[in-house]
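Inside the fold
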Amino acid sequence: TVDCPEIYTTDVFEDRKSVFQGHCATVTSLDEIKAVLNKLYENKKIAHATHNMYAYRIHLPDKNSWLQDCDDDGESAAGGRMLHLLEIVEAKNTLVVVSRWYGGIQLGPDRFKHINNMTRRALEESGALKQEKPSCGKKKKK
């Protein structure tokens with residue numbers, strides 16, 4: 001049995017009665033991904049979300065390749081957008097899950113903005129982007 005990696009969970013974000021929440025974990029295998037998803041689903045509130053979309057990227061150094069995939073969980077194209085964001089920020093060994101509780105009012109394309117924002121927020125707040133290259137801007141004084 002695989003130990004469940006630590007899961008970081010963001011605060012919730014609400015728009016027109018729909019609620020979004022991001023979750024992020026460092027993973028190095030499909031078994032760890034399953035462990036994280038199972039742990040999240042133990043929470044009844046998360047298990048009953050309208051959608052639990054996720055995307056992951058795992059680096060396989062021995063094969064010099066990436067293991068990556070995503071799941072929309074019924075929110076068309078959401079997982080693919082999340083995975084695209086993971087690729088853009090060069091996330092490595094990372095699983096991001098965004099839960100959405102539908103509030104009865106359709107958000108149209110805004111829902112993708114919220115899903116992307118929660119993905120980015122989970123990545124940033126969890127420290128998953130610490131391997132990012134430093135920006136070319138001003139350096140912070142120590």
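As a starting point, this report considers the structure included with it. (Residues numbered from 1 in each chain as written. Predicted model: local features only at pLDDT ≥ 70, side-chain atom pairs only at ≥ 80, totals over all residues. Heavy atoms only, no water.)

1. Some remarks on the nonpolar core
Defined as follows: For this analysis, a nonpolar core means a set of buried residues of the types Ala, Val, Leu, Ile, Met, Phe, Trp, Tyr and Cys, connected via side-chain atoms within 4.5 Å. Partly exposed residues are those whose accessible area sits between 20% and 50% of the maximum for their type, while under 20% is buried and over 50% is exposed, using a 1.4 Å probe and protein chains only. What counts as a helix is a DSSP run of H or I of at least four residues, what counts as a strand is a run of E of at least two, and both are numbered from the N terminus.
With 21 residues, the main nonpolar core has M82, L86, V96, V98, I115 and L123 as its most contacted residues. Elements supplying a minimum of two residues to this core: strand 3 (18-26), strand 4 (51-60), helix 3 (78-88), strand 6 (94-101) and helix 4 (110-126). One finds L37, I46, I58 and V97 within the second-largest nonpolar core, a separate group that totals 15 residues.

2. Focus on unusual backbone geometry
In this model, R16 sits at a positive phi of 45°, which is unusual for a non-glycine residue. The partly exposed category is assigned to R16, whose relative accessible area is 36%. With phi around 75°, K17 is a residue other than glycine that occupies positive phi space. When you line up the elements, K17 lands in the loop between strand 2 (13-15) and strand 3. Under the relative-accessibility criterion, K17 is labelled exposed at 56%.

3. Here we look at the pairing of strand 4
Basically, it comes down to this: Only when DSSP finds a minimum of two bridges between them are two strands counted as paired.
Where burial is concerned, most of strand 4 is hidden: eight out of the ten residues are buried. As paired strands, strand 4 and strand 6 are joined by seven bridges and run antiparallel to one another. Among the inter-strand pairings, N52 is bridged to a residue of strand 6, identified as S99. Across seven bridges, strand 4 lies against strand 5 (residues 65-71) in antiparallel orientation. Looking across to strand 5, one finds that H59 is bridged to W66. Hairpin geometry of strand 4 and strand 5 is characterised by an intervening segment of four residues between the two adjacent antiparallel strands and by a positive phi of about 50° at N64.

4. Overview of helix 1 (residues 30-42)
Put simply, the rule reads: Given a helix with a known number of residues, its expected span is that number minus one, times 1.5 Å. Whether two residues are in contact is decided by their heavy atoms: any pair within 4.5 Å suffices.
For helix 1, with 13 residues, the first-to-last C-alpha span of 18 Å sits near the 18 Å given by 1.5 Å per residue. Turning to helix 1, its buried residues number three or more, namely E32, I33, A35, V36, L37 and L40. Of the surrounding secondary structure, the elements contacted by the buried residues of helix 1 are strand 1 (7-9), strand 3, helix 2 (44-47), strand 4 and strand 6.

Note that all results are geometric; they support no functional claim without further evidence.
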